[in-house]
Amino acid sequence: MISAVYYEYIYLFVITILTLYQYLQYNQYSWSRLLHPQPSSNTFAALLAVGLVLFIGFRPVSDLFADMVGYSRSYQFHEDEPFAFDWSVDNKLFDNLLLWMASAGLDQTIWFTVIAAIYFGGIYVACRKMFPQDTLFAMLVYLAAFSTFAAGVNGIKAGAAASLFLVALAYRDKKWVSYLFVALSYGFHHSMQLLVAAYIIVSLVKKPKYYLWLWCVSLLLAALHITFFQELFAGFTDEHGAQYLIADQSEEGVYLTGFRLDFVIYSAVPVLLGWYWIFKRGLKSEKYNFLYNLYLLANSVWMLCMHASYTNRIAYLSWQLLPIVLIYPFLNERLSPNQYRTVGVVALGHLAFTLFMVFIYY
């Protein structure tokens, strides 16, 4: 078995090599590929998803994967117990899936692999649907995101929920399929209530300028260390959500607090690109506007709560959308003859940020 110490390094090495290969390939594509789009073969993308499911699912239980140890203990505690659907748990689907598989006497590795399958499988399905001609490229951009690996091995509950929500976004053209996956995502993690609410709001209020102004104002309030909204939101969420927002700063394990310039820079890139495409270039795309507005709204909520104790977990609710928003116009709109070269540079820059954060910043 591979040591837990090497897991993230192996993951990033594979993603880096494949991204560099795709960069070289996309650097050769011409304008004609945009004019005559054809669905590409998804075989390698599917194999990559399966490989990651097995690689992550069969990882050892280790403190290096943080919350995984707690999930392992919970699973072992409920092994071989009689199963009855527990309506009292916070996350109805995730928690009861754990209880059912543990009661059936299945090895915990199988359960971790099932969760990994939901996570990476959802990413694959969403990318295949939203980027039929560029599924592998889109997947690699998503897999290279700063928070993707952590959501696969640590915050697996939120990661699985986020992946299901991505599928809901990909199938917005089929409303009942989309609504079903929105509901499933909420059933996996209660934090998705923010994105469920944002999904409804953005479906009703569609002008990007409103959300862009909200984002700018939220950034200003965060810079001024105004925590009124952080405390307000704590009153609307459940007990666990309130702990993230107003936990005692002296508690052991409380996440780094304060104005996170690194997080702001990371979050701002798709915001600035969207401003350029929509307001400077006049891009008209209902699908992109929806994704852009959704990201702006979710990221604005994070900035209003930036000084919370577990700000990274709140930020992830918008970051799960970031890679999709970042590359969507490049791969689905006709922007310029050089856009394939440009999106390749964007993908490399996105990957470089993650590598910098992992190997240098942290």
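The following refers to the structure shown. All values reported here derive from a predicted model rather than from experimental measurement.

1. A few points about the packing of helix H1 (residues 7-26) against helix H19 (residues 339-361)
Logical step 1: Close contact between H1 and H19 brings their axes to 9 Å; oriented N to C, the two are set at 165°. Overall, the two elements H1 and H19 adopt an arrangement that is roughly antiparallel. Two packed elements cross with a definite hand, and for H1 against H19 that hand is left-handed. Residues Glu 8, Tyr 9, Leu 12, Thr 16, Thr 19, Leu 20, Tyr 23 and Tyr 26 of H1 form the contact with H19, whose participating residues are Tyr 340, Arg 341, Val 343, Gly 344, Val 345, Leu 348, Leu 351, Thr 354, Leu 355, Val 358 and Phe 359.

2. Side note on helix H11 (residues 193-204)
Logical step 1: When the terminal C-alpha atoms of H11 are compared, their 17 Å separation across 12 residues agrees well with the 16 Å that a helix rising 1.5 Å per residue should span.
Logical step 2: Looking at the buried residues of H11, the elements they touch are helix H9 (156-170), helix H10 (175-188), helix H12 (208-223), helix H16 (286-304) and helix H17 (311-319).

3. Focus on a negative patch on the surface
Logical step 1: Taken together, the side chains of Glu 79, Asp 80, Glu 81 and Asp 107 define an acidic patch exposed on the protein surface.
Logical step 2: Relative to the assigned elements, Glu 81 resides in the loop between helix H4 (67-78) and helix H5 (92-103).
Logical step 3: Looking at Glu 81, the relative accessible area reads 34%, which means it is partly exposed.

4. Considering the packing of H5 against helix H6 (residues 108-130)
Logical step 1: Following both chains from N to C, one finds H5 and H6 inclined at 150°, their axes separated by 10 Å at the closest point. On the basis of the axis angle, H5 is roughly antiparallel to H6. Crossing handedness for the pair H5 and H6: right-handed. Contacts between H5 and H6 pair Phe 94, Leu 97, Leu 98 and Met 101 from the former with Ile 110, Trp 111, Val 114 and Ile 115 from the latter.

5. With respect to the environment of Asp 107
Logical step 1: By the element assignment, Asp 107 lies in the loop between H5 and H6.
Logical step 2: Taking the C-alpha atoms as reference points, Asp 107 and Glu 79, 28 residues apart in sequence, are found 8.9 Å from one another.
Logical step 3: Reaching out from Asp 107, the side chain makes a polar contact with the backbone nitrogen of Thr 109 at a distance of 2.8 Å.

6. With respect to the pattern of salt bridges
Logical step 1: Per the counting criterion, the structure on display carries three salt bridges.
Logical step 2: Residues Arg 172 and Glu 286 are paired through a salt bridge, measuring 3.4 Å at the closest nitrogen-oxygen approach. Highlighted residues: Arg 172 in the loop between H9 and H10 and Glu 286 in helix H16, separated in sequence by 114 residues.
Logical step 3: For Glu 286, a relative accessible area of 48% puts it in the partly exposed group.

Thresholds, definitions, all that
- Residues numbered from 1 in each chain as written.
- Predicted model: local features only at pLDDT ≥ 70, side-chain atom pairs only at ≥ 80, totals over all residues.
- Heavy atoms only, no water.
- Axes fitted to C-alpha atoms, helices over the stretch in contact; angles between N-to-C directions.
- Helix = DSSP H or I, 4+ residues; strand = E, 2+ residues; numbered from the N terminus.
- Parallel < 35°, antiparallel > 145°, perpendicular 65-115°, else oblique.
- Left-handed = near helix turned anticlockwise from the far one by under 90°.
- Contact = heavy atoms within 4.5 Å.
- Expected span 1.5 Å × (residues − 1).
- Patch = residues over 30% accessible without salt bridge, like charges linked within 9 Å, V, L, I, M, F, W, Y side chains within 5 Å.
- Areas by Shrake-Rupley, 256 points an atom, 1.4 Å probe, with all protein chains shown as cover.
- Salt bridge = Lys/Arg side-chain N within 4 Å of Asp/Glu carboxyl O.
- Lys, Arg positive; Asp, Glu negative; His and termini not counted.
- Charge placed at Lys NZ, Arg CZ, Asp CG, Glu CD.
- Buried < 20%, exposed > 50% of the residue type's maximum accessible area, 1.4 Å probe, protein only.
- Polar contact = N/O pair within 3.5 Å; in protein donor to acceptor, adjacent residues only side chain to side chain.

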